[in-house]
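Below are the chains, spelled out letter by letter.
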Amino acid sequence: MNCLSPSLLAADFARLGQQVALIDQAGAQYVHIDVMDGMFVPSISMGLPVIKSIRPVSDRIFDVHLMVQDPEKCIDDYVEAGADLITVHAEACRHLDRTIRMIKEQDIIAGVALNPSTPLSAIEYLLPVVDMVLIMTVNPGYGGQKLISYTLDKIRDLKKMIDSRGLKTDIEVDGGITMENLGTVMDAGANIIVSGSSVFQGDVEENVKEFLDFMAE
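Below is a summary of the structure that appears in this document. These figures come from a predicted structure and were not determined experimentally. (Residues numbered from 1 in each chain as written. Predicted model: local features only at pLDDT ≥ 70, side-chain atom pairs only at ≥ 80, totals over all residues. Heavy atoms only, no water.)

At 3.6 residues per turn, the α-helix brings residues three or four places apart onto the same side. Of the positions making up helix α1 (residues 16–26), those classed as buried are Leu16, Gln19, Val20, Ala21, Ile23, Asp24 and Ala26. Each element contacted by the buried residues of α1 is listed here: β1 (3–6), β2 (30–36), α2 (48–54), α7 (197–200) and α8 (204–216). At the C-terminal side of α1, glycine 27 shows a positive phi close to 110 degrees. (Buried < 20%, exposed > 50% of the residue type's maximum accessible area, 1.4 Å probe, protein only. Helix = DSSP H or I, 4+ residues; strand = E, 2+ residues; numbered from the N terminus. Contact = heavy atoms within 4.5 Å.)

Together, Glu180, Asp203, Glu206, Glu210, Asp213 and Glu217 give the surface a local cluster of negative charge. Mapping aspartate 213 onto the fold places it in helix α8. (Patch = residues over 30% accessible without salt bridge, like charges linked within 9 Å, V, L, I, M, F, W, Y side chains within 5 Å. Areas by Shrake-Rupley, 256 points an atom, 1.4 Å probe, with all protein chains shown as cover. Salt bridge = Lys/Arg side-chain N within 4 Å of Asp/Glu carboxyl O. Lys, Arg positive; Asp, Glu negative; His and termini not counted. Charge placed at Lys NZ, Arg CZ, Asp CG, Glu CD.)

Here the focus is the packing of aromatic side chains. Enumeration over the complete set of coordinates arrives at zero aromatic pairs. Across the ring face of phenylalanine 62, the terminal group of arginine 55 is positioned such that the distance to the ring centre comes to 3.6 Å. (Phe/Tyr/Trp six-rings, centres within 6.5 Å; stacked < 30°, edge-to-face > 60°. Lys NZ or Arg CZ within 6 Å of the ring centre and 35° of its normal.)

Another aspect to go through is the environment of glutamate 206. Position of glutamate 206 relative to the elements: it lies in helix α8. What makes glutamate 206 partly exposed here is its relative accessible area of 46%. Along the chain, glutamate 206 and leucine 22 lie 184 residues apart, while their C-alpha atoms are 9.9 Å from each other.

Before going further, it helps to spend a moment on helix α5 (residues 151–164). Here α5 contains 14 residues, and its C-alpha end-to-end distance of 20 Å stays within 8% of the 20 Å for a straight helix at 1.5 Å per residue. Looking at α5, one finds that the buried residues are Thr151, Leu152, Lys154, Ile155, Leu158, Met161 and Ile162. The inward-facing, buried residues of α5 contact β5 (109–114), β6 (132–136), β7 (170–174) and α6 (182–188). (Expected span 1.5 Å × (residues − 1).)

Turning to the packing of α1 against α8, a few remarks are in order. Running from amino to carboxyl end, α1 crosses α8 at an angle of 40 degrees, the nearest separation of the two axes being 9 Å. Here the hand of the crossing between α1 and α8 comes out right-handed. Of the residues in α8, those in contact with Gln19, Leu22, Ile23, Gln25 and Ala26 of α1 are Val204, Glu205, Val208, Lys209 and Leu212. Classifying every residue of the contact of α1 with α8 by side-chain character gives six nonpolar, two polar and two charged. (Axes fitted to C-alpha atoms, helices over the stretch in contact; angles between N-to-C directions. Left-handed = near helix turned anticlockwise from the far one by under 90°. Nonpolar A, V, L, I, M, F, W, Y, C, P; charged D, E, K, R; others polar.)

Okay, the side chain of asparagine 207 next. Along the chain, asparagine 207 falls in helix α8. Look past the residues within four positions of asparagine 207 in its chain and what remains in contact with it is Ser198, Val199, Gln201 and Gly202.

Now for the pattern of salt bridges. Per the stated rule, a full pass over the model turns up 10 salt bridges. Across the salt bridge formed by aspartate 12 and arginine 15, the nearest N and O atoms sit 3.2 Å from each other. Its relative accessible area of 37% is what places arginine 15 among the partly exposed residues. Among the ionic pairs, arginine 165 bridges to glutamate 124, the shortest N-O distance being 3.3 Å. Of this pair, arginine 165 sits in the loop between α5 and β7 while glutamate 124 is found in the loop between β5 and β6, placing the two residues 41 residues apart along the sequence. The class of glutamate 124 is partly exposed, set by a relative accessible area of 26%. Among the charged side chains, a network of salt bridges with common partners joins Asp70, Lys73 and Arg94.

Right, dumping it as structure tokens:
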């Protein structure tokens, strides 16, 4: 299933609850929430209090992307705050298998993310365990970047790896996704699309509907 996960990193934080309600009403299936700790990535973004405060506004899947070092220390807290899906970075975990299993023990969706230069071999043996792989199409930490072209080959290779094993693992992409390159990343194999600026700049509801109409074709 193709799903849109608008990234709140690009939303108007002065009207965050309203913006979450807008993407919900427009039909976006996920809400992408970037958590940054200032260590794994240079920036610091929203955390537990923000997630708790917006959880009552939407019944969509809260897609929590932990861009933090040693995420196993805070998984329980984010589940309690309302996460339906937690994605951790392979590069940030000392024991990735253990961390993924901690997420799955909470009966929520478990995802693993790879930075652009991290090879697929880092998660090859974990593919049967994870529910989703997030391919970063930009270097994490900042919004508004342009998609790195070689990550398209990475998406294609991941799709082949999943299909060859008869798995149903979702492929999420995050970074620089616009209406202009949406078809390209979907053709490569992505089915969960994160987009920030292209959703929240201008008419939010119209932007969501434009993405969804294209993704439904």
